[in-house]
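# Working through the structure, step by step
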Amino acid sequence: MTTAPPGIFWLTRDFRLADNAALRAAITDGPLLPVFIIDRLTLEQGAASRWRLGRALAAFDAALRARSGGRGVSVLRGEADELLPVLMQRLGARRLHQSDWPTPGMRALQARLRAALRPIGGDLVLHQGHLLLPPAALRNASGGAFRVYSPFARALRRIGADRPAPDAPARITGFAALPDDPDPARLDLAPDLHRGRAALERFALPAGEAAAQARLAEFLDRAEDYADGRDRPDLNVTSGLSEHLALGEIGPRTLWAMAAPQAELISGQAQGIAKFLSEVIWREFAWHLLIEFPQMTDTCWRPEWQRFPWQKDGPGLTQWRRAETGVALVDAGLREMWVTGRMHNRVRMVAASWLTKHLLTDWRAGLAHFADCLTDWDPASNAMNWQWVAGCGPDAAPYFRIFNPDLQARRYDPDAAYRRRWLAGTGSAGTSEARAWLDTVPRAWQVKPCWQPGPPSALSAGRKAALAALTRFRALRPEN
Ligand SMILES: Cc1cc2nc3c(=O)[nH]c(=O)nc-3n(C[C@H](O)[C@H](O)[C@H](O)COP(=O)(O)OP(=O)(O)OC[C@H]3O[C@@H](n4cnc5c(N)ncnc54)[C@H](O)[C@@H]3O)c2cc1C
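Residues numbered from 1 in each chain as written. Predicted model: local features only at pLDDT ≥ 70, side-chain atom pairs only at ≥ 80, totals over all residues. Heavy atoms only, no water.

## Quick look at the side chain of serine 353
Inspection of the secondary structure assignment puts serine 353 in helix H15 (residues 345–358). Residues contacting serine 353, with those up to four places away along its chain left out, are His358, Val389, Ile402 and Phe403. (Helix = DSSP H or I, 4+ residues; strand = E, 2+ residues; numbered from the N terminus. Contact = heavy atoms within 4.5 Å.)

And the structure:
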């Protein structure tokens, strides 16, 4: 008896059953064989994001097994362009389905894979799922890509993002597991997680598609506070959906389809949900920019900024990485990120501004640290936001916009609850969050058990030095 060839679904960042065109297409090709590959691109990702990816994979595997008579994801180690052609030839499969994840590294890999498939008559079929709309659907009046957020957002709203998102298939016929298949639930994708996994595990939010949908529903019920409260790190106001979106545990289309009608129907929620959707459009904007300008992750969007004399290294950067700058809001945020893999957006902006403006340090050093520590790491959002804060990105903050972290703290953390949570130290007033940070930092850092503020003059001196350097640079390059 010959076995029918499988429908191969190459999982990358789309750990969901619903709203997954690649999965659907694979199912129509034959019994489903979902394959995840631990390749160079996976291993190059930051440790926290890899750790989170492992949880997404395990949750997806469990959800899939529940619908396919126990058949889960096959995990391979190696390079996709070497493994997949051999696998397809062996199993007689012609097509390989993937949800497109349009990073520069993935684009290069897809090109190599296509070249390797050609001689055997195989084909890589890309499906949309990571974005609301493909870049070709959103062009400015001259047919080019938008470089400014507001017209981009207006165009997206005009076209509308509310396409129907297909449900998860009720039952799936699975293909037999591959020999020597490791169990996704037992895989450790981040053995090099240098702060240990205890803290991340303790503070982790539930992973997986069901958790993502529940989180969205729970957020929509309390969205009325979002417009006014989203900048407050001391409150639980934002959705916390970024990890789920980054890993494709929920598709942006599903999110839009669930949220947008509520913005119109439920009085009191409308403003909050509209603001929330405008943030989701920032994510979309970041990806459209990355597709247009793949160098964005390591090259200044504005070419003249390539010459800015950033500090590359030094004690300021080390203190910043170790959350010992002496600036309360900055250190609190960096500690939160170290321990939980998350950091509130307002605090990300202030921490990034401190590094790039007060310390005049290269935004790429900050981007790399965030990429290593964030569980919601997203190459497009990370790069766009770092460039925005540093002033060298598209539609960026003006060069003279230098956040005053103390003013920001007073405004957005008015009772100092957030700062206390992360900086309280080990004494009787210590919080479990602050202790968790002390427990997880490497001994070699020799951090002090009690957080100490830096000299108040650092704020004004840093601001003055930054303004002077930025003004000098601007005078040299008036096109800035
Ligand atoms: C320097 C810096 C680096 C960042 N790096 C990342 C990153 O690696 N991954 C990431 O997902 N976000 C990044 N952000 C954006 C933002 O901080 C997070 O998306 C947000 O904090 C996630 O929390 P939330 O899901 O509760 O957001 P909510 O306020 O509930 O927003 C809903 C969704 O909108 C999107 N969103 C919100 N704000 C932004 C924004 N400024 N830019 C792009 N999309 C946004 C996210 O997908 C988010 O989940 C970065 C911001 C800064 C300033």
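## Description of the site of the ligand
In the region of the ligand, 27 residues are neighbours, and Tyr226, Thr238, Ser239, Gly240 and Asn345 sit closest. Taking tyrosine 226, its side chain carries an N or O atom lying 2.5 Å from an oxygen atom of the ligand. A distance of 2.7 Å separates an oxygen atom of the ligand from a polar side-chain atom of asparagine 345. Contributing elements (two or more residues each) for the shell around the ligand: helix H10 (242–246), helix H12 (270–292), H15 and helix H17 (379–390). Within the shell around the ligand, the residues separate by chemical class into 14 nonpolar, 8 polar and 5 charged. Two domains each put at least three residues into the shell around the ligand: domain 2 (131–167 + 208–292) and domain 3 (303–475). (Near = heavy atom within 4 Å. Polar contact = N/O pair within 3.5 Å; in protein donor to acceptor, adjacent residues only side chain to side chain. Nonpolar A, V, L, I, M, F, W, Y, C, P; charged D, E, K, R; others polar. Domains from an automatic or database assignment.)

## Looking at the UniProt feature "binding site: FAD" (unreviewed entry) in the protein
According to UniProt, the feature "binding site: FAD" (unreviewed entry) maps to Tyr226, Thr238, Ser239, Gly240, Leu241, Ser242, Phe276, Asp376, Trp377 and Asp378 in the numbering used here. For the second largest pocket, the lining residues among the annotations just cited are Trp377. Summarising the element assignment, glycine 240 is placed in the loop between helix H9 (226–229) and H10. Setting aside anything within four residues of it in sequence, one finds glycine 240 in contact with Leu205 and Arg215. Among the structural elements, aspartate 378 can be located in the loop between helix H16 (363–373) and H17. (UniProt positions renumbered as here; feature names shortened; annotations may be inferred. 1 Å grid on protein atoms, 1.4 Å probe; cavity = no way out; pocket = protein on both sides within 12 Å on 5 of 7 lines; lining within 4 Å.)

## Regarding the packing of aromatic side chains
Evaluated as defined, the whole model comprises 23 aromatic pairs. Their ring planes at 50° and their centres at 6.2 Å tell us that phenylalanine 203 and tryptophan 422 sit as a pair that is tilted. Residue phenylalanine 203 is found in helix H7 (residues 198–203), and its partner tryptophan 422 is found in helix H19 (residues 417–423); the two are separated by 219 residues along the sequence. You can call phenylalanine 203 buried: its relative accessible area is 16%. Judged by its relative accessible area of 3%, tryptophan 422 is buried. Ring-pair connections join several aromatic residues into one group, and the members of that group are Phe146, Tyr149, Phe152, Trp282 and Phe285. Looking at arginine 335, its charged tip hangs above the ring of tryptophan 437, at a distance of 3.6 Å from the centre. (Phe/Tyr/Trp six-rings, centres within 6.5 Å; stacked < 30°, edge-to-face > 60°. Buried < 20%, exposed > 50% of the residue type's maximum accessible area, 1.4 Å probe, protein only. Lys NZ or Arg CZ within 6 Å of the ring centre and 35° of its normal.)

## Re empty space enclosed by the protein
Under the defined criterion, the tally for this structure stands at 4 cavities of 30 Å³ or more. Quantified by volume, the largest cavity comes out at close to 110 Å³. In this structure, the largest cavity is lined by 13 residues; those nearest its centre are Thr12, Asp39, Thr42, Gln45 and Met106. Counting residues per element, the ones that place at least two in the lining of the largest cavity are strand E1 (7–11), strand E2 (32–38) and helix H2 (40–44). Of the residues assigned to the lining of the largest cavity, the class counts are 8 nonpolar, 3 polar and 2 charged. (Points joined across faces, edges and corners; volume = space filled by probe spheres on them.)

## A few points about the layout of surface pockets
Put simply, the second largest pocket is a space of about 360 Å³. What lines the second largest pocket is a set of 16 residues, and nearest its centre among them are Leu41, Glu44, Gln45, Trp377 and Pro379. Of all the secondary structure elements, the ones that give two or more residues to the lining of the second largest pocket are H2, helix H5 (104–117), H16 and H17. When grouped by side-chain class, the residues that make up the lining of the second largest pocket number 8 nonpolar, 6 polar and 2 charged. When residues are assigned to domains, the lining of the second largest pocket turns out to be shared by domain 1 (7–130) and domain 3 (303–475), each giving three or more.

## Description of the UniProt feature "site: Electron transfer via tryptophanyl radical" (unreviewed entry) in the protein
This chain's UniProt record puts "site: Electron transfer via tryptophanyl radical" (unreviewed entry) on Trp310, Trp363 and Trp386. The greatest C-alpha distance among the residues just named is 13.8 Å, despite their covering 77 residues of sequence, which places them together in space. Turning to its location among the elements, tryptophan 310 is positioned in the loop between H12 and helix H13 (315–321). In this structure, tryptophan 310 is in contact with Trp305, Thr356, Leu360, Thr361, Asp362, Trp363, Arg364 and Ala390, ignoring residues within four places of it in sequence. With respect to the element layout, tryptophan 386 can be found in helix H17. Note on tryptophan 386: relative accessible area 2%, which makes it buried. Residue contacts for tryptophan 386: discarding those within four places in its chain leaves Trp320, Ala352, Leu355, Thr356, Trp363, Gly366, Leu367 and Phe370.

## A closer look at the domain arrangement of the protein
What the domain assignment lists for the protein is domain 1 (7–130), domain 2 (131–167 + 208–292) and domain 3 (303–475). Just the C-alpha atoms count here: the centres of domain 1 and domain 3 sit 36 Å apart. Every contact between the two is made by 10 residues of domain 1 and, on the other side, 7 residues of domain 3. Taken over both partners, the interface formed by domain 1 and domain 3 buries close to 600 Å², and the fraction arising from carbon and sulfur atoms is 66%. Linking domain 1 to domain 3 there are 0 salt bridges. Counting across the interface, domain 1 meets domain 3 through 2 residue pairs in polar contact (both at pLDDT 80 or more). (Buried area = accessible area lost by both parts, 1.4 Å probe. Salt bridge = Lys/Arg side-chain N within 4 Å of Asp/Glu carboxyl O.)

## With respect to the pattern of salt bridges
Applying the stated rule across the entire model yields 23 salt bridges. The closest approach of N and O atoms between arginine 230 and aspartate 231, which form a salt bridge, is 3.9 Å. On the basis of relative accessibility, which here comes to 14%, the residue arginine 230 falls in the buried class. By sharing partners, the salt bridges in this structure join Arg230, Asp231, Lys275, Glu279 and Arg346 into a single network.

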